[in-house]
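An overview of the molecular structure
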Amino acid sequence: MATSPPPAVPSRVRHLATELADAKPMRRGSLSERTVKCSKPGCACAQDPKARHGPYYSFTHAVGGKTHSRFLTTEQAALVRQQIDAGHQFRSRVDALWEASEQWADSQLTDISASSGEAKKGGSRRVSKTKLSRKSRPS
Ligand SMILES: [Zn+2]
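Residues numbered from 1 in each chain as written. Predicted model: local features only at pLDDT ≥ 70, side-chain atom pairs only at ≥ 80, totals over all residues.

Looking at the overall build of the protein chain
Summing up its helical and strand segments, the protein chain has two helices and three strands in all. For the protein chain, the succession of helices and strands along the chain, N to C, is α-β-β-β-α. Partitioning the contacts of the protein chain with sequence separation of at least 6, the portion at a separation of at least 24 is 53%. (Helix = DSSP H or I, 4+ residues; strand = E, 2+ residues; numbered from the N terminus. Contact = placed C-beta atoms within 7 Å.)

Below, the structure is given as structure tokens:
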């Protein structure tokens, strides 16, 4: 194989990759907050929704197809909310990096076809539907 110099990393790809490398604690899952009624006789919570106890926080996430929940204190819940946000941010950056990388990958293809003179620059993108309708039914 001929060794070609590594392609220059587009600034957008480099930028996004750098952001992704900025590691921080993060989570997938969701936080829920609820108030509850107790069973103490005469407690106001039985009648008044505003007198319910709480709020109580719980974090729910899926592990291997199973849903796990854990209760959190108010302080923990505030932190977990940030960690979930960090996870969302990470995910959207991954998506953005994918897109930028795929554009980069496309431009490599364009470079090759341009140098071999087979395709016009900025040519229309054609989606080819390859029909594989070969019926190989044993008779
Ligand atoms: Zn109560």
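Some details on the pairing of strand S2 (residues 53–63)
Where strand S1 (residues 30–36) meets S2, six bridges bridge the pair, whose relative direction is antiparallel. Considered in S2, the bridge of Arg34 is made with Tyr56. Pairing between S2 and strand S3 (residues 66–72): seven bridges, direction antiparallel. Its bridge partner being in S3, Ser58 is matched across the sheet by Phe71. Hairpin connection of S2 to S3: two residues between the antiparallel strands, including Gly64 at a positive phi of 55 degrees. (Pairing = 2+ DSSP bridges.)

Remarks on the packing of helix H1 (residues 11–20) against helix H2 (residues 74–115)
At a minimum axis separation of 9 Å, H1 and H2 run at an interaxial angle of 155 degrees. Judged on the interaxial angle alone, H2 and H1 are roughly antiparallel. The two elements H1 and H2 meet at a crossing, and its hand is left-handed. For the pair H1 and H2, contact is made by Arg12, Val13, Leu16, Ala17, Glu19 and Leu20 and by Arg93, Val94, Ala96, Leu97, Ala100, Ser101 and Trp104, respectively. (Axes fitted to C-alpha atoms, helices over the stretch in contact; angles between N-to-C directions. Parallel < 35°, antiparallel > 145°, perpendicular 65-115°, else oblique. Left-handed = near helix turned anticlockwise from the far one by under 90°.)

Description of unusual backbone geometry
Note that the residue after Gly54, namely Pro55, is joined by a cis bond; omega there is 5 degrees. Among the structural elements, Pro55 can be located in strand S2.

Here we look at the sheet that holds S3
In spatial order, the strands read S1-S2-S3; together these three strands make up an open sheet with antiparallel pairing. Looking at the sheet topology across the chains shown, the edges are occupied by S1 and S3. Looking at each pair of strands side by side, their axes are set apart by 30 degrees on average, direction ignored. Strands S1, S2 and S3 of the sheet are contacted by H2, whose axis makes an angle of about 150 degrees with S1.

A look at the environment of Leu31
Structurally, Leu31 can be placed in strand S1. Given 18 C-beta atoms within a 10 Å radius, Leu31 is considered partly exposed. In the structure, Leu31 is positioned 53 residues away from Ile84 in sequence and 8.4 Å away in space, judged by C-alpha atoms. For Leu31, the contacting residues outside a window of four places in its chain are Tyr57, Phe59, Ala77, Val80, Arg81 and Ile84. (Buried ≥ 20, exposed ≤ 12 C-beta atoms within 10 Å, placed from the backbone.)

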